[in-house]
Structure formats: C-alpha cells, structure tokens
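# Structural description and commentary
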Amino acid sequence: MKIAVIGTGYVGLVSAVCFAELGHDVYGVDIDEEKVAKLREGISPIYEPELEDLLKRNLEAGRVKFTTNLEEALPDTQVVFSAVATPPNEDFSADLKAVFIVAQSVAKYADHDIVFVNKSTVPVSTGEKCAEVIAKTLKDRGVDYNIPVVSNPEFLREGHAINDTMAPDRIVVGINGSDWAKKVMEELYVPLTRTSKPIVWMSRESSEIVKYASNGFLANKISFANMLSELCEATGGNVRDVTKGMGMDDRIGPRFLHSGIGYGGSCFPKDVKALIALSRETGVPLPLIQATHDINQHQRERYFKKILDVLPANATVGLLGLSFKPRTDDMREAPSLDLIPLLVKAGHTVRVHDPIAMDNAKTIVKEDVEWKDDAFSTAENADAVVVLTEWDEFRGLDLNKLKLTMKGSDLFDGRNIYEPDDARKAGLTYHGIGL
Ligand SMILES: NC(=O)c1ccc[n+]([C@@H]2O[C@H](COP(=O)([O-])OP(=O)(O)OC[C@H]3O[C@@H](n4cnc5c(N)ncnc54)[C@H](O)[C@@H]3O)[C@@H](O)[C@H]2O)c1
C-alpha cells in the first residue's frame, strides 16, 4: 500500500521505516530540510536502537523515500499519517497548529480520495476539527474528494520504539462512519494482525481519549510511588520495599511503580498538562490528573532542594545522565535541564556526562558546563555526584572507585539504582529517594 507519513520525528520516522519494513511503499515528509537531507543519506537524526539499520535497509530496497514537498508524496497515496508534534502551550493546552496545517495541506494538494490519519496525540474532538478544515479546503477548491479522518494514536516508548511498533500490544483505531476508511486501515495493518496483534475499533473520540488516558494513568502510577516516597522518608519506611510489596499483587503490577525524581520526556508532562487544560475547557473535574502533575513538580523540587542544601559553597558537581530516560537522546522536559541552571546560579561548577544525549544536549543547554566522556572523569575531584538518568552503564559503576575518584562523598541517586548499604560501605554518603 502507498502511504505518506508527515512529520519524521520520533514517531513519524519510526512509523515510516516500520511500515516500509512491513512491505508498504512509504514517503516520509518533513519541513526540516536538514533532517530530510540526513534521512536520504540513511542517517537517523535521532538516537533510537535499531532505527538506523532499518532506515538504511529500506532506503536501499526503495521502500522508503523522504521529501520536504508534500505534493510529491501525495499522488496515488491511500493513507496519509500526520505525526507532527503537539507540544504544550503556556496554558497547558496542546498546540495543534501543525496538526491543522497538515490537514489543510493534504486537502489542498489531494487529487484523489485519501484516508487521513492522526497519529499525533491530540485532544478529543481534534479529529472533528481536522474534518472541518479538510471539508472547507476542499469546498474552497471546488473539489469533492473523500478524505475521512481517522484516529490511530501511537503507544511506542522511546528506546523500545521499533519493537513497540512491530509488535504492539494493540492497535487502537477510531473511525466515525466510513466503511471505506475501516477497510483501508484493516488492509494497512494486515502484516501485524496476521501475527495476532489486535486492532481495537472504536469511535474517533474514544480513540483520542484512550491515548491521554493511558499516559495519564501511567504518570499517575509514577506520582503515586513518588507520593509514597515522601511518606517513607518521614516515617522510616523504604519506598522500594513498599512498591515491591504492592507490585507483586497482580491487580497492581510492578511496572511504573518506581519512585525517583519524577517523570519527564516529551509525552507524560505534556499529556498530563493537556488533560488539565481539557478539564478546564470542558468543566469536567479530573482531580487525579491535577494531583499527578502537582506531585511530579513537588518531587523534583524537593529533591533538587535537598541537593542544594547539602552542597558546600562553590562545589564541583558531576551529573550522570542528561536525557529524560535511558536508551534515547530525547532531552524534552529532562530533569537535567531544570537542575543545571539551579546549580550554576548557586555558584557551583557543573560537569556532565551522558552516553548518548551529549550532542543533542549541547544544542540545548545554555549554561557553562564541562562536557565529560565518561562517569569517572565526571566524578573526578567532585564534591558530589548526582545520577539523573538510569543508564545501564551507571547501574554497574564501581562505587569504591567512584569514592576514590571524588573529592567529597555525596552520592545523590535520583533513580534509586544503588543499594544504600553498598554505597555506604564504599564510604559514600548516600542520598536516595524514599529510603
Ligand atoms: N515521542 C514519543 O515517544 C511519542 C510516543 C507516542 C506519541 N507521541 C506523539 O506523537 C506526536 C509526534 O511526536 P514526536 O516526538 O515524534 O515529535 P517530533 O518533534 O520528534 O517530530 C515532529 C516532526 O514534525 C515535523 N513537522 C512539523 N510541522 C510539520 C509540517 N507542517 N509538515 C511536515 N513536518 C512537520 C518536525 O520538523 C518534526 O520532524 C506528538 O503528538 C506526540 O505526543 C510521541
């Protein structure tokens, strides 16, 4: 099937190469010329395990192409995916400008019937608004193509995106009343449904809500664990034991029940914010979502305050990890971006290391920091070391060597990856969360 994916970021690029890998004929479209030039060379502009190999293989096979020109991608295309970003506005609502521009552009250049699919995370009723934009644009052109709007939200996790796309738990598709669109979507996903990956059909509105509900629920689980961490600190409990004891109940489950410095990244913060905005807009109270957001902010602030309170004046601090989570170079809403300015403003010297995200971080971090090649050069003569991202290579650090490398002894374990006793035996002063 011939498809186009508009927006070749974390979601669009992974979708484009995975659909190509599944045998479809795919055009990736992006307004970023530099990105498209790299993609044509087989270079992935983002870090995602396995992505570049898949990109190269499908470019060579001629199954995926890239362009900045939507008109070039549209002829004969049966399905157009919109995978542009929907970042938060100041008032927490989702910025949908790019989504509507894409819907309008598709209607402007279409010369046949096309199924238009929103893969971006968009608030409920955005599909309806896209349908209105498309209908108006077609009417202004005086043409009458059938361009139904479908919701097909994405559930991939950065760092596991290829596997999540090739072997999804479920494919959610929301369609309002187009049998043709349903048939096209069925055909598109045949390579996956044939291997028993289920499509869950529903209305467009339900599908739009499923995505926010899923992220809101997962973020809530993290905030629940973080809420408990403060209770444990005040009462002598150990949050790791508490969440382990809870998580072994299969009605609760252990995943996303870990306390730390709170969630970050491109999805949880913005989707929780968008739900808060939706609550305001609809008048429907969503108190669990507001609490999820407030706890996340509070958790980050109270841990950072602890770090600042412990540090001596003019300290040297080594930060391990810059990306918002391991296995990605994504820096969006990463805790490092909040902590670095606080430390620099307080007069401390900041050294940083991340196994993958350094290049991306260098384009974002404005403060004067020292960029280091590994954990030990980051820790050398430092008064304190702070773990911000639980990369595997930090989990196995030799804590005795770390202590010998440092000048001071404070180890802030923002991800609870070390055993407090191991750190203490190595002579470190251990500061975990909820322990
Ligand atoms: N990143 C994730 O892990 C993830 C997971 C699930 C869902 N989502 C959702 O998917 C959507 C995309 O997220 P992302 O992380 O891939 O964003 P991104 O910022 O990485 O990518 C967006 C891309 O769209 C391009 N773009 C913007 N306007 C365009 C236009 N008019 N025409 C063509 N290209 C245009 C940008 O240049 C960029 O390359 C968001 O709604 C997000 O919430 C993201």
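Residues numbered from 1 in each chain as written. Predicted model: local features only at pLDDT ≥ 70, side-chain atom pairs only at ≥ 80, totals over all residues.

### Re the site of the ligand
Note the threshold: Using a C-beta atom placed from the backbone for every residue, we mark a residue as near a molecule or strand if that atom lies within 6 Å of it. Labels follow the DSSP assignment, with helices taken as runs of H or I lasting at least four residues and strands as runs of E lasting at least two, numbered in each case from the N terminus. Only Asp, Glu, Lys and Arg are considered charged, only Ala, Val, Leu, Ile, Met, Phe, Trp, Tyr, Cys and Pro nonpolar, and every remaining residue, Gly among them, polar.
As a matter of local geometry, the ligand sits amid 26 residues, with Gly7, Gly9, Val11, Ser120 and Thr121 nearest to it. Counting residues per element, the ones that place at least two in the shell around the ligand are helix 1 (10–21) and helix 5 (97–109). In the shell around the ligand, the residues fall into 13 nonpolar, 8 polar and 5 charged.

### Some remarks on the sheet that holds strand 14 (residues 429–431)
Going by this rule: Strand pairing requires that DSSP identify at least two bridges connecting the strands.
Strands sit in the order 11-10-9-12-13-14 across an open sheet of 6 strands; the sheet is parallel. Strand pairing shows two members of the sheet lacking a second neighbour, strand 11 (370–371) and strand 14, which therefore form its edges. Relative to strand 13 (residues 410–413), strand 12 (residues 384–387) runs parallel, the two sharing 4 bridges. Bridging from a neighbouring strand, Val386 pairs with Phe412 of strand 13.

### Re the packing of helix 13 (residues 287–310) against helix 14 (residues 335–345)
Filter applied, for reference: For helices, the fitted line uses only the C-alpha atoms of the stretch in contact; every axis is such a line through C-alpha atoms, and the angle between N-to-C directions lies from 0 to 180 degrees. Here a crossing is called left-handed whenever its near helix is offset anticlockwise from the far helix by less than a right angle, and right-handed whenever the offset is clockwise. We call two residues in contact whenever the C-beta atoms placed from their backbones are within 7 Å.
Packing of helix 13 against helix 14 brings their axes to within 11 Å, and their N-to-C directions diverge by 35°. Relative to helix 14, the crossing made by helix 13 is right-handed. Where helix 13 approaches helix 14, its residues Arg300, Phe304 and Leu308 are matched on the opposing element by Pro335, Asp338, Leu339 and Leu342. The residue inventory of the contact of helix 13 with helix 14, partitioned by class, reads 5 nonpolar, no polar and 2 charged.

### Description of the environment of Arg251
Examined against the element boundaries, Arg251 turns out to sit in the loop between helix 11 (239–247) and helix 12 (268–282). Along the chain, Arg251 and Glu60 lie 191 residues apart, while their C-alpha atoms are 47 Å from each other.

### Re the environment of Phe256
Just so we agree on the cut-off: With C-beta atoms placed from the backbone, the exposure class of a residue follows from how many other C-beta atoms lie within 10 Å of its own: 20 or more, buried; 12 or fewer, exposed; in between, partly exposed.
If you trace the backbone, Phe256 turns up in the loop between helix 11 and helix 12. Its 18 C-beta neighbours within 10 Å are what place Phe256 among the partly exposed residues. Between the C-alpha atoms of Phe256 and Leu218, which are 38 residues apart in sequence, the distance is 6.4 Å. Excluding residues that lie within four positions of it along the chain, Phe256 makes contacts with Leu218, Lys221 and Ile222.

### Looking at the packing of helix 10 (residues 204–235) against helix 12
When two helices pack together, their arrangement is given by the angle between the helix axes and by the axis-to-axis distance. Here is the rule: By definition in this entry, angles of less than 35 degrees are roughly parallel, angles greater than 145 are roughly antiparallel, angles of 65 to 115 are roughly perpendicular, and the rest are oblique.
Following both chains from N to C, one finds helix 10 and helix 12 inclined at 110°, their axes separated by 9 Å at the closest point. Here helix 10 lies roughly perpendicular to helix 12, going by the angle between them. Judged by the twist between their axes, the crossing of helix 10 over helix 12 is left-handed. Contacts from Tyr212, Asn215, Gly216, Leu218 and Ala219 of helix 10 reach helix 12 at Phe268, Asp271, Val272, Ala274 and Leu275. By residue class, the composition of the contact of helix 10 with helix 12 is 7 nonpolar, 2 polar and 1 charged.

### Side note on helix 6 (residues 126–141)
As a reminder, the rule being used: What a helix should span is 1.5 Å times the count of its residues minus one. The arc refers to the directions leading from the helix axis to the C-beta atoms.
Over its 16 residues, helix 6 runs 23 Å from end to end, which matches the ideal 22 Å to within 8%, given 1.5 Å per residue. Of all the residues in helix 6, the buried ones are Thr126, Gly127, Cys130 and Ile134. Across the axial projection of helix 6, the buried residues extend over an arc of 100°, all falling on one side. Facing away from the buried side of helix 6 by over 90 degrees, the exposed positions are Lys136, Lys139 and Asp140. Looking at the buried positions of helix 6, the neighbouring elements they touch are helix 5, strand 5 (115–118), strand 6 (149–151) and helix 10. Once helix 6 ends, the next one or two residues include Gly142, with phi positive near 75°.

### Looking at the domain arrangement of the protein chain
To keep things clear, this is the line we draw: Throughout, the edges of the domains are those of an automatic or database domain assignment.
In terms of domains, the protein chain is made up of domain 1 (2–202) and domain 2 (204–435). Between the C-alpha centres of domain 1 and domain 2 the distance comes to 32 Å. Contact with domain 1, which involves 29 residues of that partner, is made by 24 residues of domain 2. Of all the secondary-structure elements, those providing two or more residues to the side of domain 1 that touches domain 2 are helix 6 and strand 7 (171–174). A per-element tally of the side of domain 1 that touches domain 2 places strand 7 first, with 3 residues.

### Let's talk about the pairing of strand 13
Let me state the cut-off plainly: The handedness rule is simple: strands pointing away from the viewer, and a clockwise path from the first strand over the helix to the second, make the crossover right-handed.
What you see with strand 13 is no split at all: Asp410 and Phe412 on one side and Leu411 and Asp413 on the other are buried throughout. Across 3 bridges, the pairing between strand 13 and strand 14 is parallel. Of the residues in strand 14, the one forming a bridge with Phe412 is His431. Handedness of the crossover joining strand 13 and strand 14 through helix 19 (residues 420–425): right-handed.

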